[in-house]
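Coordinate analysis (summary)
The residues making up each chain are set out below.
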Amino acid sequence: MSENKLTSRTIVIGAMILLWSMLPVAASAQTWQFRIGGGLASQFKDSRPVGAFKLGVGYEHEFDQHWTLTPSLYFYAKGRKLPDESVVIRDADGNHVLDDNGNPVYGVKGTTITANYVEAAFPCSYYVRTAERRYLIFSAGPYVAVGVAGKHTVKGDAEREGAEKLYVEQKTFSVDGIRRFDAGLQASVAYQFTDNLVLGIEADFGLASFTRDGGRNVSGLLTLSYRFDMRTR
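**Examining the pairing of strand 9 (residues 151-155)**
As paired strands, strand 6 (residues 106-121) and strand 9 are joined by four bridges and run antiparallel to one another. What sits directly across from isoleucine 113, in strand 9, is histidine 152. Across five bridges, the pairing between strand 9 and strand 10 (residues 167-171) is antiparallel. From the neighbouring strand, valine 154 faces strand 10, where its bridge partner is valine 168.

**A few points about the pattern of salt bridges**
Throughout the structure, instances matching the rule amount to nine salt bridges. Across the pair lysine 54 and glutamate 202 runs a salt bridge whose closest N-O atoms are separated by 2.6 Å. Highlighted residues: lysine 54 in strand 2 (residues 50-62) and glutamate 202 in strand 12 (residues 197-206), separated in sequence by 148 residues. Neither residue differs from the other here; lysine 54 and glutamate 202 are each classed as buried. Linked through salt bridges whose partners overlap, the residues forming this network are Lys78, Glu119, Asp182 and Asp204.

What counts and what doesn't
Starting from 1, residues in each chain are numbered consecutively following that chain's sequence as written. Reporting in this predicted model follows two pLDDT cut-offs: at least 70 for local features of residues, and 80 or more for side-chain atom pairs to be given and counted; totals over whole chains, interfaces and linings ignore these cut-offs and use all residues. Computation of side-chain values covers all heavy atoms of the structure but excludes hydrogens and water. Pairing between strands is defined by DSSP: at least two bridges between the two strands are required. Elements are defined by DSSP. Helices are runs of H or I of four residues or more, strands are runs of E of two residues or more, and each kind is numbered from the N terminus. Salt bridge criterion: a side-chain nitrogen from Lys or Arg within 4 Å of a carboxyl oxygen from Asp or Glu. For every residue, the accessible area (1.4 Å probe, protein chains only) is compared with the maximum for its type, and the residue is labelled buried under 20%, exposed over 50%, or partly exposed between those bounds.

What follows is the structure in structure tokens.
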């Protein structure tokens, strides 16, 4: 087993054990949250954004009238698009293709990466009451995630052979240099505008390297949460 897979498995097992240990809290939780969100994802280093999406559930434990902890589990689709590269076009024998003036002909190589994760997040929230059953909510906390699927798509790679020169697709986490494990900090600002609905802006800032060269995930979402309150606040 590779070191990458061993590390990912160890972290995810640890996160699952932590969630499991909090099941007694979940059983007595007074508020459950279902959350959906959409936005953009990229990386801090040399990347362009792609679409992002998350869907999941969490349970909220109240410490007092202001502070809560909400362990949550999500399916989270992230990714990035690499900057286009100028590449020399080659013929079937691997030789440079030349124009009428004897100059090399160049093309464009584009790479798009999608990475789908199962993510466990542990945000702590602070509620500021603005009206009866209306709150401004500030949240922040760590997250850990493991990659479960995704596509690594390359178009126009002149160094490949045959049809792969035009298009080649691989599984994201089978590509050399891409790591399955992700971890970082999640932060959000939201407003509870009905008894059950919360609208927010959320961001994930990766602290673990997604790629061997040090690239780290970053994403921003507009989220909508539905709260199942077991009692009136």
